[in-house]
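So the chains spell out like this:
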Amino acid sequence: MTRLRQLPAWQNLQDHYEQICNTHLREWFAEDPLRFKKFSLKQSSILLDYSKNRITEETRTLLVALAKQSGLREHIDALFSGGLVNTTEQRPALHTALRNVGGGPVLVDGKDVMPAVRQQLAKMRTFVDDIYTGNWRGYNGQAITDVVNIGIGGSDLGPVMVTEALKPYRMPRGVKVHFMSNVDGSHVVDILNHVQPETTLFIIASKSFTTQESLSNALTVRRWMQDRLSHPDQLAQHFVAVTADRDKAMEFGLPEENIFEFWDWVGGRYSLWSAVGLSVALYLGMDNFEELLAGAHEMDEHFRQAPFEENMPVLMGLLGIWYSNFFGSQTHAILPYDQHLHRFSAYFQQGDMESNGKSVTRDGEAVDYTTGPIIWGETGTNGQHAYFQLLHQGTRPISADFIAPVKTYYPINDHQTILIANFFAQTRALMMGKTQTEVRAELQAEGLSEAEIDRLAPHKVLEGNRPTNTVLIDKLTPRSLGSLIALYEHKIFVQGTIWQINPFDQWGVEFGKRTTSEVLKALSGEGEEMKDSDASTRELMAYYRENS
Ligand code: F6P
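Residues numbered from 1 in each chain as written. Predicted model: local features only at pLDDT ≥ 70, side-chain atom pairs only at ≥ 80, totals over all residues. Heavy atoms only, no water.

Q: Which residues make up the overall build of the chain, and what are the values?
A: Looking only at helices and strands, the chain has 21 helices and 13 strands in total. Taking 24 Å as the expected radius of gyration for a compact globule of 548 residues, we find that the chain reaches 26 Å, a close match to that expectation. With respect to the principal axes defined by its C-alpha atoms, the chain has extents near 85 × 60 × 60 Å. Expressed as a percentage of its 548 residues, the buried residues of the chain come to 52%. In the chain, the proportion of contacts linking residues at least 24 apart, taken out of those at least 6 apart, comes to 75%. When the accessible surface of the chain is totalled, it reaches about 23,900 Å², and 52% of it is carbon and sulfur. In the chain, 51 positive and 67 negative side-chain charges are present, and the distance between their average locations comes to 3 Å. (Helix = DSSP H or I, 4+ residues; strand = E, 2+ residues; numbered from the N terminus. Rg over C-alpha atoms; globule rule 2.2 N^0.38 Å. Buried < 20%, exposed > 50% of the residue type's maximum accessible area, 1.4 Å probe, protein only. Contact = heavy atoms within 4.5 Å. Areas by Shrake-Rupley, 256 points an atom, 1.4 Å probe, with all protein chains shown as cover. Lys, Arg positive; Asp, Glu negative; His and termini not counted. Charge placed at Lys NZ, Arg CZ, Asp CG, Glu CD.)

Have a look at this one:
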C-alpha cells in the first residue's frame, strides 16, 4: 500500500492548499453567484449545502482524486460484500446487511446471512407485539409499562439517541424507556427508583456479554428483582438479552427464547440496526424501526452507486480530510438545531472517535499525519450562548456541521422561524466575519468618538472564513434519521479508508478495561496491592481506602 503522503493526489492537494489558503470565502461568493448550486446536493430528503467550505471546484477534483488513489471504490465494494474490512480482527463489518432487508444475499464465510437477519427482525416484531397485546406479562400478570435497557457504548448510545430524536413517533400509550449505562450506583438507583418491578422489562444489551459495567448493573438488577419474586422462573418474564454470545446469556440464567442474537460481523458502535435496537422497536413500534432501517438502506445505495463528486458521505469525508490534514484542524463540531437531536453528537463521539482514533495503518505502520478528529457539539441555539465565541473569534481552525429539520412537529408561534433564522445566520456570520472597516463604520454610526472606536474596533473584528456544512432535513422522521445516521457512518468509513487505518477495531479501550480489573482487584482486596504501580495510582488508592 502506497503511503498516504506519497500519493500524487496528496502532493497536488498540498500545492493547491498553498495557493488558496489565504482566499476568503467572501471573494468566492462574490465572484460566483452559482456557488450554492455548484456545492450542494440533495439525497434521501437531506440537502447538503457545502458551499461555505474553503474549496473551489479544483479542490473537489483533487480530493476526489485522493479518494480514488486511496482505493475507496474497492473498499466500499468490500464493505458491502462482506470483505474483511476489520483487518486486525479479520472480520467483515456488515451493519449495512442489517438494513438490507429487501435486498439480495450477503455472504459471510460463503453463507448468506440475510435469512438470520430477517429471522431476528421477525423475532423482534413478535416480541414487540407480545408486549403490546399483553401476551407477555410480568410475574404477577400485569402488563409491561417500562423497559430498561442495560448497556453501554454502542449498546446504549444508539437507542438513546434514536428514542430521543423520534419522540413524536412513540407508540400511543406505549412503554416508557430508560437507559442504564453507567456503573455509577446513582445511575442504577435513579432508574430503579422510577420503575415498578412487577411491570418492568430489562434488556441486557451487550455484544460481548462481558462488559463490566453492563454485567455489574445486570447482576444488581437481577438481585433487585429476585428479592420480589416468589419463584426463580419468574425472572424470565422480566429479562431478555441482546448479544453475540448466546452461551454467556444462558449462563446468566436466561432461556434461549429470551435471547436476541446479533453477530461478530456487526461492530458495537454500528449495532443500533440489530436487536440492540429492541428498546427502539418497543418505544416506536416495529414499523417505525423498519422505516429507520429503510432510510439507512437508501443512503447505503446512494453511497454505493453515486459518483464520488455527487456522493454525500464521500464529499463530507473528504472535506474533513481537507481540514484535518491541510488546515491543521483538530476538532469537528456537530451542531444539531433540533432539541430532539441532543444526543446525536454524543452518538458520533463514539461512532467517529472509536473508529478513527487510531495512529497505526492497516499495514501496522505508524501514521505520519493526523487522523480522527475530536467530535463535539451540543444543540443550537444553546451552543450560541456557550462556545460560539470561540468559533467566531478563537485561534483554532474548527469545521462544523449545522443540522436542522425544515419542518417542526411543534409549530408553536414563530419558534421554528426564530430557530432557523439563528441557524442560517450563524453559518453566514462564521463565513463572512466582519472587517475593520465595517466595524468602524458601525461604531461611528453608533456615535462613538474616534478614540473610543480606536479602542474598541480591534475587539469587534471577526476574521470569518470559518467553514461549515449545512445539513437540512425535510422533516425528522424514522426514515430520514436512518439516512442521516448512515450518512455519518459512511463518512467515517471514507476517512478511515483514506487514512489507511482500520475503523472497526478498538484495541485502545481494551487496555483501559484490563487496567481497571487490576485496580478493582486491589481496591476490593482480592489482588496484590499493585506495589509496583506508579506512586500516583498507589497513593490515590490508599487515600480512597482511608476516606471511603
Ligand atoms: O467501548 C468499547 C466497547 O467495546 C464498544 O465498542 C462497545 O460498543 C461497548 O464497549 C459495549 O460493548 P458490549 O456491547 O460488548 O457490552
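Back to the write-up after that little detour.
Q: An account of the packing of aromatic side chains is requested, with residue identities and associated values reported.
A: Tallied over the entire structure, the rule returns 30 aromatic pairs. Between Trp10 and Tyr369, the aromatic rings sit 6.2 Å apart at their centres with planes inclined by 50°, giving tilted as the arrangement. Taken together, the positions of Trp10 in helix α1 (residues 8-20) and Tyr369 in the loop between α14 (344-356) and β11 (374-376) put the pair 359 residues apart, joining distant regions of the chain. For Trp10, a relative accessible area of 3% translates into the label buried. On the basis of relative accessibility, which here comes to 10%, the residue Tyr369 falls in the buried class. (Phe/Tyr/Trp six-rings, centres within 6.5 Å; stacked < 30°, edge-to-face > 60°.)

Q: With reference to specific residues and values, describe the domain arrangement of the chain.
A: For the chain, the assigned domains are domain 1 (3-69 + 306-498), domain 2 (96-291) and domain 3 (508-547). For domain 2 versus domain 3, the distance between C-alpha centres works out to 33 Å. (Domains from an automatic or database assignment.)

Q: Go over the site of the ligand, please, and point to the residues and values.
A: Around the ligand, the structure places 15 residues, and the nearest of them are Ser155, Ser206, Ser208, Thr211 and Glu354. Between Ser155 and the ligand, the recorded distance is 2.6 Å, taken from a side-chain N or O atom to an oxygen atom. Separating an oxygen atom of the ligand from a backbone N or O atom of Lys207 is a distance of 2.8 Å. Against a free-state accessible area of 390 Å², the protein chains account for coverage of 88% of the ligand. When residues of the shell around the ligand are traced back to their parent elements, those giving at least two are α14 and α20 (507-523). Looking at side-chain class alone, the shell around the ligand contains 2 nonpolar, 9 polar and 4 charged residues. (Near = heavy atom within 4 Å. Polar contact = N/O pair within 3.5 Å; in protein donor to acceptor, adjacent residues only side chain to side chain. Nonpolar A, V, L, I, M, F, W, Y, C, P; charged D, E, K, R; others polar.)

Q: Please set out the sheet that holds strand β6 (residues 176-180) residue by residue, giving values where relevant.
A: If you trace the 5 strands from one edge of the open sheet to the other, you get β6-β5-β7-β8-β9, paired in parallel fashion. This sheet does not close on itself; its edge strands, each paired only once, are β6 and β9 (259-261). For this sheet the average axis-to-axis angle between neighbouring strands, irrespective of direction, equals 20°. Alignment of strand β5 (residues 146-150) against β6, held across 5 bridges, turns out to be parallel. Within the sheet, the bridge partner assigned to Asp146 lies in β6 and is Lys176. Contacts from helix α9 (residues 212-226) reach β5, β6, β7 (200-205) and β8 (239-243), with the element oriented near 155° to β7. (Pairing = 2+ DSSP bridges. Axes fitted to C-alpha atoms, helices over the stretch in contact; angles between N-to-C directions.)

Q: Provide a residue-level description of the sheet that holds strand β13 (residues 468-475), including the pertinent values.
A: Strand order in the open sheet made by the 6 strands is β1-β2-β13-β12-β10-β11, with mixed pairing throughout. In this open sheet, the two strands that pair with only one neighbour each are β1 (40-43) and β11. The sheet shows a mean angle of 15° between the axes of neighbouring strands, direction not considered. Bridge count between strand β12 (residues 398-407) and β13: 7 bridges; the pairing is parallel. In the strand pairing of β13, Ala404 is matched with Leu472.

Q: Account for the confidence of the model for the chain, with residues named and values stated.
A: On average, residues of the chain carry a pLDDT of 97, and 100% of them reach 70 or more. Within the chain, helix α11 (residues 278-284) carries the highest mean pLDDT (99), whereas α20 carries the lowest (88). (pLDDT = per-residue confidence, 0-100.)

Q: Quick one: what's the story with the pairing of β7, residue by residue and with numbers?
A: Of all 6 residues making up β7, 6 are buried, and the element is well covered by its neighbours. Of the two faces of β7, the one lined by Thr200, Phe202 and Ile204 and the one lined by Leu201, Ile203 and Ala205 are each fully buried. Sheet topology places β5 next to β7; 5 bridges connect them, and they run parallel. Counterpart to Ile150 in the pairing with β7 is Ile204. Across 4 bridges, β7 lies against β8 in parallel orientation. Looking at the pairing, Phe202 lines up with Phe239 of β8. Taken together, β7, α9 and β8 form a β-α-β motif whose crossover is right-handed. (Right-handed = clockwise from strand over helix to strand, strands pointing away.)

Q: Mind laying out helix α7 (residues 157-165), listing which residues take part and the relevant values?
A: For α7, the buried fraction is high: 8 of the 9 residues fall into the buried class. Those residues of α7 that sit buried are Leu157, Gly158, Pro159, Val160, Met161, Val162, Thr163 and Ala165. In the core, the buried residues of α7 are packed alongside β6, α11, α12 (286-305), α14 and α19 (478-498).

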